[in-house]
Amino acid sequence: MLAAFPVEVCSMQDFPGIPEPEETGSTFLENATIKAKAASAFTGLPALADDSGICVDALAGAPGIYSARWAGLGSSADDWIRKTLELLGDTPEESRTCRYVCSLCLTNASGDVVAVSEGTMEGRIGHSPIGTGGFGYDPIFMVAPLFTVTAAELTPDEKHAISHRGVALRNLLEIIVQAKLLG
């Protein structure tokens, strides 16, 4: 999605020794901002950071910003799924609503925030894992509005077209173009 822009995309793996910042924010956007600023401070380059997770309405929005630590430090996606399904138990279909949320933060080389964006993908939590694609909670995330497939059953192209990250990145690119932040 960034191919049309005059930028070279690197990952944190391209910068050995870059520290993993502590995510002390109380929102996805606060954590994305912490990560982007830390990356700019270490590299001296502009940085784009993401913080994402799943919010389940019947669990008061949990796991939210704790999605990757939902079942404890070092837990796996299988552990997160198991915990979510156990907590939801026999919760009726109409009350199993959820959404994936992605917040993006773009900083300049000085670490100043120049653009932020958020995207969501609506769904419901299924009763058991289905599908082998995707990652994380995808096998129990029934995609709205039909709720007939999980995110783990979508092809990568299908998922990118509707995913929270796809929406957030398209929104961010629109902000970048309108503000003429890149050539």
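Only a predicted model underlies this, so the values are computations on that prediction, with no experimental measurement involved.

What counts, and at which threshold
- Residues numbered from 1 in each chain as written.
- Predicted model: local features only at pLDDT ≥ 70, side-chain atom pairs only at ≥ 80, totals over all residues.
- Heavy atoms only, no water.
- Pairing = 2+ DSSP bridges.
- Helix = DSSP H or I, 4+ residues; strand = E, 2+ residues; numbered from the N terminus.
- Axes fitted to C-alpha atoms, helices over the stretch in contact; angles between N-to-C directions.
- Contact = heavy atoms within 4.5 Å.
- Disulfide = S-S within 2.5 Å.
- Buried < 20%, exposed > 50% of the residue type's maximum accessible area, 1.4 Å probe, protein only.

Student: How should I be thinking about the sheet that holds strand β4 (residues 141-143) in this particular structure?
Tutor: Two pairing modes exist for strands in a sheet, parallel and antiparallel, and in both the strands are linked by backbone hydrogen bonds. Across the sheet, which stays open at both edges, the 4 strands sit in the order β1-β2-β3-β4 with antiparallel pairing between neighbours. Unpaired on one side and paired on the other, β1 (47-56) and β4 mark the two borders of the sheet. When strand polarity is set aside, the average angle formed by the axes of neighbouring strands in this sheet is 40 degrees. Taken together, the 3 bridges between strand β3 (residues 113-125) and β4 define a ladder with antiparallel strand orientation. Bridged to I125 within β4 is F141. Of the strands in this sheet, β1, β2 (97-107) and β3 touch helix α1 (residues 28-43), which is tilted by about 155 degrees from β1.

Student: Help me understand the state of the cysteines in this model?
Tutor: Two cysteines joined by a covalent bond between their sulfur atoms form a disulfide. All told, the structure shown has 0 disulfides when counted by the stated rule. Free of any disulfide, C102 has its nearest neighbouring cysteine sulfur in C105, separated by 12 Å. Assessed through its relative accessible area of 1%, C102 is described here as buried.

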